[in-house]
Amino acid sequence: MNQTRPQRSYQVQHRISGLLRIFALFLLIIVFLFFAGMFFEPELKEMVQNFWNAPLVEFFRIALNPHTARYMITALSVLVFVTLAAGSYVRDIYALPRLRQGVRYVISSLFALFVPRIIVDGGEKKLEKNEVNLIDVIGGPGHVIIQPGNAVMFKELRRPSTISIRESYYLRPFETIGQIVNLDEQQDSRSDIPAISRDGIRLTIRDIQFRYRLFPELQYGRPKKRTIDDPYPFDERALWNSAYNLPVTDSGPDSWKTVVGRAVVGGITDFISEHDIDYLTAPREAGIDPRREIRYSLLHGPTKNSLRNNGAELVWVDIGHFEIDPAVDEQRTDYWAADWLGNAQVQRAYGEAKRQMFLEMGRAEAHAEMVIALTEALKDVNWGQEPAETIRKLLVLKTAEIIENWVNSRQKPGNNQDQKTSFFEDILGE
């Protein structure tokens, strides 16, 4: 992962080769001027005849003579034409908006001049609005400035090249940026996600919040701790997976962020499709927490393996809340109300039956007490000469005594008559 020395050596090599090409081009122009002066300038005939006496001196005298200066226009015109033609070709191949951008790429590739640069920060390339950067469109050569907390995977035309988290990376020709990952924890959210429960109820999941990161480097089976020398330990294989395990659609490969969000949402919707709506929103058994089960399945279940295959690790998740269609919610309320009403009616009937049983028991006890009291009262009675009258008076007195005792035991202010009537109904019946 440390590419500092190879990149510096290649950068120096490219600059030296660019200087050599400039020198070779300058030398080629001098040679062209020499032959032009030798064959087409009669004024230089004496220099041409003395060429073999002092070849080096006469060479420069002929090439740099004022009479050959006009041939410089031809050489420079050819050079400009070739450069413009090459720039136009590059522009046409890569659909660049301006010719000068193609020319700049040709010059930077040949002579290591006007080399483009691009900054990587926050997990993305920093480009101005409507900016066309040659590194972003074509690739190297160029400088890639990598800000701390970012990892960049580079690739060549047919294969990956290397991974770097260093401050600066010098791209080789046609080497491009393959994948950029922010090594800090990422925050993302999803909302208005449709789902269907096992019993066919449609619902909408709102305000899903989650945090994730590139899968960390493991040490003794646990994530490696951060240090000053290695502030962002990450698994290089995870970075490869984040770049090459992405699904491809009609519009091209999905972004890593999109794939992670889809995996989290898929884990939630899969759980919903496996359970009834009552289990999800109103479990009837104690100790059941469906939201906790969903979080566990996301952090430790199949979703964890799916995210790891894409080089990600879920750190935290809030599954938001479920919104059900109001019509369905009303039907659920009516169903629950019918169930509750049936239970209430059963309980009411059971209470009414118990009340009737207690009333009958009270009447029987009252009759028994009255008979017992009369029997006790007749034991020590002096019957006299008129037993029938004596029994009548005794019954009246004893009945009045029982009524008085009963009223005193159950008397309530403002309701004496009602209680007496209730007593007569209990004792004598209607």
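Everything numeric here is computed off the predicted structure, so don't read it as measured data.

Draft legend 1. Region of the structure containing the pairing of strand 4 (residues 150-155). Of all 6 residues in strand 4, 5 are buried; the element is thus mostly enclosed. As judged from the 6 bridges shared by strand 4 and strand 7 (residues 176-182), these two strands associate in the antiparallel manner. Counterpart to K155 in the pairing with strand 7 is T176. Two successive antiparallel strands, strand 4 and strand 5 (residues 160-164), enclose a turn made up of 4 residues.

Draft legend 2. Spatial organisation of the environment of F23. Positionally, F23 belongs in helix 1 (residues 4-40). Judged by relative accessible area, F23 falls into the exposed class, the value being 52%.

Draft legend 3. Highlighting the confidence of the model for the chain. Counting all residues, the mean pLDDT for the chain is 80, and 79% of those residues have values of 70 or more. Of all helices and strands in the chain, the one with the weakest mean pLDDT is helix 14 (residues 416-428) (46), whereas helix 5 (residues 99-111) scores best (93). The model gives residues 1-5 a pLDDT under 50, and that stretch makes 10 contacts with residues more than four places away or in other chains. The low-confidence segment residues 415-430 (pLDDT under 50) makes 21 contacts with residues lying over four places distant or belonging to another chain.

Draft legend 4. Fine view of a nonpolar patch on the surface. There is a patch of nonpolar side chains on the surface, built from L19, I22, L113 and F114 and spanning about 390 Å² of accessible area. Position of L19 relative to the elements: it lies in helix 1.

Criteria and cut-off values
Residues numbered from 1 in each chain as written. Predicted model: local features only at pLDDT ≥ 70, side-chain atom pairs only at ≥ 80, totals over all residues. Heavy atoms only, no water. Buried < 20%, exposed > 50% of the residue type's maximum accessible area, 1.4 Å probe, protein only. Helix = DSSP H or I, 4+ residues; strand = E, 2+ residues; numbered from the N terminus. Pairing = 2+ DSSP bridges. pLDDT = per-residue confidence, 0-100. Contact = heavy atoms within 4.5 Å. Patch = residues over 30% accessible without salt bridge, like charges linked within 9 Å, V, L, I, M, F, W, Y side chains within 5 Å. Areas by Shrake-Rupley, 256 points an atom, 1.4 Å probe, with all protein chains shown as cover. Salt bridge = Lys/Arg side-chain N within 4 Å of Asp/Glu carboxyl O.

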